[in-house]
Amino acid sequence: MELQALPSRIGQVRRIVSAQLRYWHMDPLIDRASLGVTELLSNVHRHARPDKTCTVEMELLLDRLKVSVRDRDPRLPVLEDAGPLATCGRGLAMVAAMSESWGALPDGDSGKVVWFTLPTPSATAPAAWDRYPRLVAGERPDRRFAEVPLVEPAAEDHRPEAAPARSAVPG
């Protein structure tokens, strides 16, 4: 969905990105994704012509999150070295430093898309049910608690889906 990259809207988009990542159970990505989308939207607000209209998209893949911002300005951003006394010009450097990868591509005849990716939390992390102690053969259970049989899900139940999840941030 399209939105105007105005300072008041940037905060709203940041909150929507955070809520979507919580919904996807990707809480460890919230700070970096919020920072990245803030920087990209700030660049649209500061530099885009003819207007400040843009679209934010988030795509959750198996091993990474991709955040994209499309605008109607065909000029591609340039990563420059800001001097020590510069008061601006560090946004893309921050995006590059905190992300796994980033880039900018022309989008049709007029416009561009600027994106960054973040690695998702490890798919090899133990599932929540695997973090609790288990009885080993020969151990006596502690009788202070009722015995409840532990049913472990099959290994194939824990594999993430191959299809990406997509979300366009509403404007």
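Residues numbered from 1 in each chain as written. Predicted model: local features only at pLDDT ≥ 70, side-chain atom pairs only at ≥ 80, totals over all residues. Heavy atoms only, no water.

Under an unreviewed UniProt entry, the name given to the protein chain is ATP-binding protein, and the organism recorded is Streptomyces prasinosporus.

Draft legend 1. Expanded view of the overall build of the protein chain. Of the regular secondary structure elements, the protein chain holds three helices and six strands. Secondary structure elements in the protein chain, listed N-terminal to C-terminal, are β-α-α-β-β-α-β-β-β. Taken over 171 residues, the protein chain has a buried fraction of 32%. If you take every contact in the protein chain between residues at least 6 apart in sequence, the share linking residues at least 24 apart comes to 64%. (Helix = DSSP H or I, 4+ residues; strand = E, 2+ residues; numbered from the N terminus. Buried < 20%, exposed > 50% of the residue type's maximum accessible area, 1.4 Å probe, protein only. Contact = heavy atoms within 4.5 Å.)

Draft legend 2. Here's a closer look at the packing of helix α1 (residues 7–23) against helix α2 (residues 30–47). Taken N-terminus to C-terminus, the directions of α1 and α2 make an angle of 150 degrees; their axes are 9 Å apart at the nearest point. Classed by the angle they form, the pair α1 and α2 counts as roughly antiparallel. The way α1 lies across α2 gives a crossing that is right-handed. Residues Pro-7, Ile-10, Val-13, Arg-14, Val-17, Ser-18, Leu-21 and Arg-22 of α1 lie in contact with α2, whose contacting residues are Ile-30, Ala-33, Ser-34, Val-37, Thr-38, Leu-41, Ser-42 and His-45. A breakdown of the residues in the contact of α1 with α2 according to their chemical character gives nine nonpolar, five polar and two charged. (Axes fitted to C-alpha atoms, helices over the stretch in contact; angles between N-to-C directions. Parallel < 35°, antiparallel > 145°, perpendicular 65-115°, else oblique. Left-handed = near helix turned anticlockwise from the far one by under 90°. Nonpolar A, V, L, I, M, F, W, Y, C, P; charged D, E, K, R; others polar.)

Draft legend 3. Spatial organisation of the environment of Leu-62. Along the chain, Leu-62 falls in the loop between β2 (53–60) and β3 (64–71). Residue class for Leu-62 comes out partly exposed when judged on its relative accessible area of 44%. In this structure, the C-alpha to C-alpha distance between Leu-62 and Pro-119, residues 57 residues apart in sequence, is 9.2 Å.

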